[in-house]
Amino acid sequence: MRHLLGIEGLRRADIEALLDRAEAHLHGGPDASHVLRGKVVANLFFEDSTRTRTSFEMAAHALGAEVLNWTTAGSSVSKGETLLDTVRNIEATGPVALVIRHRSSGAPHLAARHVRCAVINAGDGTHEHPSQALLDAFTLRRRWGSLDGRTVLIVGDIRHSRVARSNLHCLTTLGAKVVLCGPPTLLPPGLESLGAEVTSNLDSVLPRADAVMCLRVQTERQSENFFPSAREFSRMFGLNAARAERLKPEALVLHPGPMNRGVEIAPAVADGPRSVILEQVAHGVAVRRAILEEVCR
Amino acid sequence: MSSTILFRRGRVIDPRNGVDGVRDVLVRDGRVAEVSEAPLQVQDARVVEASGRLVLPGFIDLHVHLREPGEEGKETILTGCMAAVAGGFTAVVAMPNTKPVNDSVLVSEYVKAKAREARLCHVYLAGAITKGLQGEEMAEMGALVSAGCVCITDDGRPVMNAGLMRRALQYAQLFDLPVMVHEEDLTLSGKGVMNEGRTSTRLGLTGIPPSAEVAMVARDMVLLEETKGRLHVAHVSCEGSVRLIREAKRRGLRVTAEATPHHFTLDDEAVGAYDTHARMNPPLRTRRDIEAVREGLADGTIDAIATDHAPHGVLEKQVEFDKAWNGVVGLETALGLTLAVVREGALSLQRAVALLTDGPAKAFGLPGGHLAPGAPADITVVEPDVEWTVDSARFFSRSRNTPFHGRRLPGRVAQTWVDGRLVFEDGHIKESR
C-alpha cells in the first residue's frame, strides 16, 4: 500500500500481513536496522501526542531511519501557513514518509493528494487512528490466536472517537463482532450500517464480551451537553470493579490511553489481571515498524 | 444590427402563457412583438434559425453571489454576469453578503453601476434584512427598496431572533417585499460541516441534522401565518422542509421556495474522501431528501431553481474539510443538471422551464420569465440533445469550485439574448461593453 490513511477499505489479508510482520519484529526477527537506513521519516504532529509520536519515532529508528520531529509549536502554522504549504515544505526536505496527526478529519487525505511520499495517518480528528487499531488487534490476536467469533465491546464517547472507528473496521474485518456502547448523545447515526451492534445498556452486554475497550472521556464534551457530568458518566458507563466482576473470567480490558482513572475506568481494573493496556503500548512499536516498512517499500 | 429579430421555427416553451410548440418569435426594439404558430414573413429581420432548438424565456436566478464589492478575486459583477449568460440566465439576483454588506443605498448603487457597465444581463439586488447581516437591527428597508432591491435577506445567515424575524415580515409588507430566508437553527447545526448521517459518522465529520433546517422552516411558517407577510425559503434541502412548505401553501400562506441543482442531484456521499467541493450550507442530504425536493419541484411546492452560485478560490477550498468555506459555483451547470432530471423522468420539460423562468419571476415580481408580446426580449436558445462535459477550467466564472467537473450533461446553451441583444453565442460572450 502506498499510504495508510485508514483501516476502512483494507482487506483482511492486508491487515493480517501487517500483523504477521509486527509479530516478526516483536520476536526480534531478522535485523531490520538497514531497512530505512539513510532515509528520513517526518513526524508531523499538528496535535499533541505522547504515545503515538514516541512509538512512531522508535519504530523509525529501529528501521535505521532518521526522524524529523515537527510540531506546530514554534512553526509557521502560527503565522497562518496552510496545512498544504507545511506538508509541501516538509516534503521538499526529502522524507520517505510523513506521519501526520491532525485535529481535522481527513487532513492526511488532503496531504496524500498533494505529495509523492507515503502518508501515514497517526490520528485525524474524529475519523480514524489506524495504527492504534492495528496494535489493538495485534494485542488481541496474540492473546486469542484468532479474532474470529470473538465479541469486542467498545464503550464511551463513540461519536468523537477515531479509535472506535478504526477498531470497528479492523476488528470486524478480522472476524470479530463489535458492540459499541455509550449514551445516545454519543452514538452517531449509521453505526449499524458500518457493521456494529449498538447499545446504551452497558450492563446487558458485559457478560457477552470477550474484551472491553474503554475510551477516554473528553471532559469538554460535558460543557457541550453530551452528558450531564463526569460523575454521571462514570456511574452509567464507567468500567468499575463491580462491572468487571460481571465479565467472563478470561475477558480482557483495553484502553488506548490516556486514561481518566476513576472516570471511564477504575484504577483497580486498569491495573488488574485482565488489563492488557501496557501490552498495547509495547506492541505499538512493533506494529508501527511493520507499517513503516510496508508503506516505504 | 437590426432591431428586428425573427426566431424561426424553434420549439417555444413559455409556461406562463401555456405555449409549447413550434413557433416563430418576433422581437422588435428589445421586446417580444409576436409569437406565431404560422411562419412569419418579416422584411429586414435578423433571422435566427431555431429549428430543432428550444426557444425559452431567459432564465432568472434568484440566488447568486457576485462577490463584488470586496472579494473580486473570486468573482466580479462582470465575470458573474458572463457566467450567467453562458448558463442561459438573463437575470440574476445579487445577494447582499458582499464586503461591505449591501445594507445601504451606497452599496446598491455601486452594484447597479457595475452591472450597467458589464451590460450583459439584468442584475437585481437583494438587500440585507439586518445591518451588517448581524441579526440585530433592521436595515433601512425603505431606502433599499428605493435603491432597487427586490427582496431582503440575511443570505447565508438565519435570523435567529424570532421577534426580529416577525417584525421584518411585518415591516416588509409596507413594500410588499419578499423576505428570503436561509433556514438554519444554529443551535442545532452547531459546528456541523456536512449532513448528519451514515457518511458523517464514517468520515468522523460533525453532522448537521435535518432538524436544523426543518425547525426553522416550521418557526417561520408560524410567523408567516401570524403576520401575513411574504416569505421566500432559499435552497430547500430536505424532506421535512418540502412537506412544511407544501402544507403552508395549501393553507394559503404567501410562501415561495427555491431549490438548487446540487441539492436535487447529489447526496452526502459526494463528500467522498473529504472533497471540499461538496461542502455547502445547507449540506448535501440523502437520496430520500433528493427525491422529496424533486417531488416539490414537480408539484409546484418549490417555485424556482436557483443556483446559490457561490464562487470561492483555491485558498478557501484546498484546505482541511472542516476549515473549507461553504458553497459551489452553479450558473454554468444549472441547465444541464436540470435537464438531467428531466431525462430521468422526475420532471417534465415544461415544468423545468417554468422553474427557471416563470416561477422565479413571479416569486419576486420581476419582469421577464415569459414571452408574451410586450415582454422584454430575454430569450435563451437551447440545443436540448447536445451532450457536453463540464470542464471547470473553461468556466466564465472566476472560480472553479464545482463538484460537477467532468460530468456529462445534456443541453447546451446556444444563444442568450437580453433585451433583444445577443450577449452569448456558441461558447462566446458577445457585446460585453
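Throughout what follows, the structure given in this document is the object of discussion. (Residues numbered from 1 in each chain as written. Chains lettered and ligands numbered in written order. Predicted model: local features only at pLDDT ≥ 70, side-chain atom pairs only at ≥ 80, totals over all residues. Heavy atoms only, no water.)

## Points about the overall build of chain A
For step 1, the next point in the chain: Assigned secondary structure in chain A consists of twelve helices and nine strands.
For step 2, the next point in the chain: Relative to a compact globule of 297 residues, whose C-alpha radius of gyration would be 19 Å, chain A shows 19 Å and is just as compact.
For step 3, the next point in the chain: Overall size of chain A, expressed as C-alpha extent along the three principal axes, is 55 × 45 × 35 Å.
For step 4, the next point in the chain: Relative to its 297 residues, chain A shows a buried fraction of 59%.
For step 5, the next point in the chain: Once local pairs closer than 6 in sequence are excluded, the contacts in chain A between residues at least 24 apart make up 73%.
For step 6, the next point in the chain: As presented, chain A carries roughly 11700 Å² of accessible surface, and 50% of it is formed by carbon and sulfur atoms.
For step 7, the next point in the chain: Averaging the coordinates of the 35 positive side-chain charges in chain A and doing the same for the 32 negative ones gives two points 1 Å apart. (Helix = DSSP H or I, 4+ residues; strand = E, 2+ residues; numbered from the N terminus. Rg over C-alpha atoms; globule rule 2.2 N^0.38 Å. Buried < 20%, exposed > 50% of the residue type's maximum accessible area, 1.4 Å probe, protein only. Contact = heavy atoms within 4.5 Å. Areas by Shrake-Rupley, 256 points an atom, 1.4 Å probe, with all protein chains shown as cover. Lys, Arg positive; Asp, Glu negative; His and termini not counted. Charge placed at Lys NZ, Arg CZ, Asp CG, Glu CD.)

## Looking at the overall build of chain B
For step 1, the next point in the chain: Helix and strand counts for chain B come out as 13 helices and 19 strands.
For step 2, the next point in the chain: In terms of overall size, chain B behaves like a compact globule, its C-alpha atoms giving a radius of gyration of 21 Å where 433 residues would be expected to give roughly 22 Å.
For step 3, the next point in the chain: When the 433 residues of chain B are sorted by exposure, 62% land in the buried category.
For step 4, the next point in the chain: Once local pairs closer than 6 in sequence are excluded, the contacts in chain B between residues at least 24 apart make up 75%.
For step 5, the next point in the chain: Where the 51 positive side-chain charges of chain B centre and where its 58 negative ones centre are 1 Å apart.

## Comments concerning the packing of helix H4 (residues 162-171) of chain B against helix H7 (residues 211-227) of chain B
All names here are of chain B.
For step 1, the next point in the chain: Two elements in contact, H4 and H7, have axes separated by 10 Å at closest approach and are oriented at 40°. In terms of orientation, H4 lies oblique with respect to H7. Crossing handedness for the pair H4 and H7: right-handed. Here Ala162, Met165, Arg166, Leu169 and Gln170 of H4 lie close against H7, whose contacting residues are Arg219, Asp220, Leu223, Leu224, Glu226 and Thr227.
For step 2, the next point in the chain: Along the lines of polarity and charge, the residues of the contact of H4 with H7 split into five nonpolar, two polar and four charged. (Axes fitted to C-alpha atoms, helices over the stretch in contact; angles between N-to-C directions. Parallel < 35°, antiparallel > 145°, perpendicular 65-115°, else oblique. Left-handed = near helix turned anticlockwise from the far one by under 90°. Nonpolar A, V, L, I, M, F, W, Y, C, P; charged D, E, K, R; others polar.)

## A few points about the nonpolar core
For step 1, the next point in the chain: Val123(B), Met221(B), Leu231(B) and Leu297(B) are the most contacted members of the largest nonpolar core, which totals 74 residues.
For step 2, the next point in the chain: Ranked by residues supplied to this core, first place goes to helix H1 (residues 77-86) of chain B with seven residues.
For step 3, the next point in the chain: For Met221(B), the contacting residues outside a window of four places in its chain are Leu231(B), Val233(B), Leu244(B), Ile245(B), Ala248(B), Leu253(B) and Val255(B).
For step 4, the next point in the chain: Within the second largest apolar cluster, 60 residues are counted, among which are Ala164(A), Val178(A), Leu180(A) and Ala196(A). (Core = buried A, V, L, I, M, F, W, Y, C linked by side-chain atoms within 4.5 Å.)

## Digging into unusual backbone geometry
For step 1, the next point in the chain: The omega torsion of the bond from Gly257(A) to Pro258(A) falls at -10°, within 30 degrees of zero and hence cis.
For step 2, the next point in the chain: Residue placement: Pro258(A) occurs in the loop between strand S9 (252-254) and helix H11 (267-270).
For step 3, the next point in the chain: Cis peptide bonds are those with omega within 30 degrees of zero, and the linkage from Lys99(B) to Pro100(B) qualifies with 5°.
For step 4, the next point in the chain: With respect to the helices, strands and loops of the structure, Pro100(B) is situated in the loop between strand S7 (89-94) and helix H2 (105-118).
For step 5, the next point in the chain: With phi around 55°, Asp155(B) is a residue other than glycine that occupies positive phi space.
For step 6, the next point in the chain: Inspection of the secondary structure puts Asp155(B) in the loop between strand S9 (149-153) and H4.
For step 7, the next point in the chain: Residue Asp155(B) is classed as buried on the basis of its relative accessible area of 5%.
For step 8, the next point in the chain: In this model, Asp426(B) sits at a positive phi of 45°, which is unusual for a non-glycine residue.
For step 9, the next point in the chain: Structurally, Asp426(B) is set in the loop between strand S18 (421-425) and strand S19 (428-429).

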